Amino acid sequence: MATLKPETREKLKGVSTATLCTALYKRGLRNQFIQDVRPLNPDLGNMVGEAFTLRYIPAREDLNPISVFQDRSHPQRKAVEECPPGAVMVIDSRKDARAASAGGILVSRLMKRGVAGVVTDGGFRDSPEIARLDIPAYHNRPSAPTNLTHHQALDINVPIGCGDVPVWPGDVVVGDAEGVVVIPAHLADEIAGEAVEMTAFEDFVQEEVMKGRSILGLYPPTDERTHAEFAAWRRDRGR
């Protein structure tokens, strides 16, 4: 797995998924926002980490009795114990929330191991408890049935799809109160730098709009006056 630079991680903690989606769109990447997942606790701040993946396939009843959890090499349990600190576990549940992708105990274990967050395009059980944990968690909706009801954990750290987005191990995953975006690993540094610049400009624009200013010539900045005013705004705020 590639190593996410500390300075890149810090930059991504301060920008929105909306801004990141725009930066990715400029590079022709239009399908990087995971569809239909939401944070259980939107107040935790940005989730940032490299993707560590788990893939489920539809469960077959004769292969998924409750006793499979006694196997220490069971892929779901193994993934929870192997996901690196600082990474984000991303689970391909085929957008099927009829059974849980994981529950409170497993998410608690990820938190205690220093994992940066967990995302599934399915659902979590014990969701009220997970919402109180100090780890960002994203899912489609609550789901009480055990994962074995509909999911068989099969592959760890392989390319997957999550909410219609392709996710490769090592891609950089960023979540905020709106949702989750996946940044190809080789673009992470430049996307983070550009997003910081975009965020500063958008903050300036927001202040001007709240003063009653028109967006024409301001957003996008087609007037020279706007460029000069933004430069002065940045100097005043040390940004």
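Values in this document were obtained by computation on a predicted structure and should not be read as measured data. (Residues numbered from 1 in each chain as written. Predicted model: local features only at pLDDT ≥ 70, side-chain atom pairs only at ≥ 80, totals over all residues. Heavy atoms only, no water.)

Draft legend 1. Inspection of the packing of helix H1 (residues 6-13) against helix H6 (residues 188-210) at higher detail. Two elements in contact, H1 and H6, have axes whose closest approach is 9 Å; the angle formed by their N-to-C orientations is 40 degrees. Relative to H6, the element H1 lies oblique. Once H1 is placed against H6, the crossing between them reads as left-handed. Of the residues in H6, those in contact with Thr8, Lys11 and Leu12 of H1 are Ala188, Asp189, Ala192, Gly193 and Val196. (Axes fitted to C-alpha atoms, helices over the stretch in contact; angles between N-to-C directions. Helix = DSSP H or I, 4+ residues; strand = E, 2+ residues; numbered from the N terminus. Parallel < 35°, antiparallel > 145°, perpendicular 65-115°, else oblique. Left-handed = near helix turned anticlockwise from the far one by under 90°. Contact = heavy atoms within 4.5 Å.)

Draft legend 2. Representation of the UniProt feature "binding site: substrate" (unreviewed entry) in the protein. Mapped onto this structure's residue numbering, the UniProt feature "binding site: substrate" (unreviewed entry) falls at Gly103, Gly104, Ile105, Leu106 and Arg125. The greatest C-alpha distance among the annotated residues, which extend across 23 residues, is 10.4 Å, indicating that they converge on a single site. Relative to the elements of secondary structure, Gly104 occurs in helix H4 (residues 104-112). Classification of Gly104 by relative accessible area gives buried; the value is 9%. If we skip the residues at most four places from it in the chain, Gly104 touches Arg125, Asp126, Ile130 and Leu133. (UniProt positions renumbered as here; feature names shortened; annotations may be inferred. Buried < 20%, exposed > 50% of the residue type's maximum accessible area, 1.4 Å probe, protein only.)

Draft legend 3. Focus on the UniProt feature "binding site: Mg(2+)" (unreviewed entry) in the protein. Feature annotation in UniProt assigns "binding site: Mg(2+)" (unreviewed entry) to the following positions: Asp126. Looking at the element boundaries, Asp126 is found in the loop between strand E6 (123-124) and helix H5 (127-131). Under the relative-accessibility criterion, Asp126 is labelled partly exposed at 37%.

Draft legend 4. The side chain of Gln76, seen in detail. Following the sequence through the fold, Gln76 ends up in helix H3 (residues 75-82). In this structure the side chain of Gln76 is engaged in a polar contact, spanning 3.1 Å, whose partner is the side chain of Tyr56. Separated by 3.2 Å, the side chain of Gln76 and the backbone oxygen of Ser101 make a polar contact. (Polar contact = N/O pair within 3.5 Å; in protein donor to acceptor, adjacent residues only side chain to side chain.)

Draft legend 5. Main features of a nonpolar patch on the surface. A cluster of nonpolar side chains, namely Val209, Ile215, Leu216 and Tyr219, defines an oily patch on the protein surface of about 400 Å² accessible area. Structurally, Leu216 is set in the loop between H6 and helix H7 (224-237). A relative accessible area of 72% means that Leu216 is categorised as exposed. (Patch = residues over 30% accessible without salt bridge, like charges linked within 9 Å, V, L, I, M, F, W, Y side chains within 5 Å. Areas by Shrake-Rupley, 256 points an atom, 1.4 Å probe, with all protein chains shown as cover. Salt bridge = Lys/Arg side-chain N within 4 Å of Asp/Glu carboxyl O.)

Draft legend 6. The arrangement of the pairing of strand E2 (residues 47-58) in detail. Counting buried residues along E2, 9 of its 12 residues qualify, which places the element largely inside the surrounding structure. Summarising the sheet, E2 and strand E3 (residues 88-92) pair through 5 bridges and their orientation is parallel. In the strand pairing of E3, Arg55 is matched with Asp92. For E2 and strand E8 (residues 151-156), the ladder comprises 5 bridges, and the chain directions are antiparallel. From the neighbouring strand, Ile57 faces E8, where its bridge partner is Gln152. (Pairing = 2+ DSSP bridges.)

Draft legend 7. Seen up close, the nonpolar core. Grouped together as the largest cluster of nonpolar side chains are 23 residues, with contacts concentrated most on Cys83, Met89, Val107, Leu110, Val118 and Phe124. Not counting the four nearest positions on each side in its chain, Cys83 is found in contact with Phe52, Met89, Leu110, Arg113 and Val115. Core analysis: the next-biggest nonpolar cluster, separate from the first, contains 17 residues, Leu20, Val48, Ala188 and Ile191 among them. (Core = buried A, V, L, I, M, F, W, Y, C linked by side-chain atoms within 4.5 Å.)

Draft legend 8. How the structure looks around the domain arrangement of the protein. Parsing the protein into structural domains produces domain 1 (6-185) and domain 2 (191-237). On a C-alpha basis, the centres of domain 1 and domain 2 stand 34 Å from each other. Taken together, the contact between domain 1 and domain 2 spans 13 residues of the former and 9 residues of the latter. Overall, the association of domain 1 and domain 2 removes approximately 890 Å² of surface from exposure, summing both partners, and the carbon and sulfur fraction of that is 73%. When the buried area of domain 1 at its contact with domain 2 is split by residue, Lys11, Thr19 and Arg27 rank highest and sum to 44% of it. At the junction of domain 1 and domain 2, the tally comes to 2 salt bridges. The tally of links between domain 1 and domain 2 comes to 3 residue pairs in polar contact (both at pLDDT 80 or more). (Domains from an automatic or database assignment. Buried area = accessible area lost by both parts, 1.4 Å probe.)

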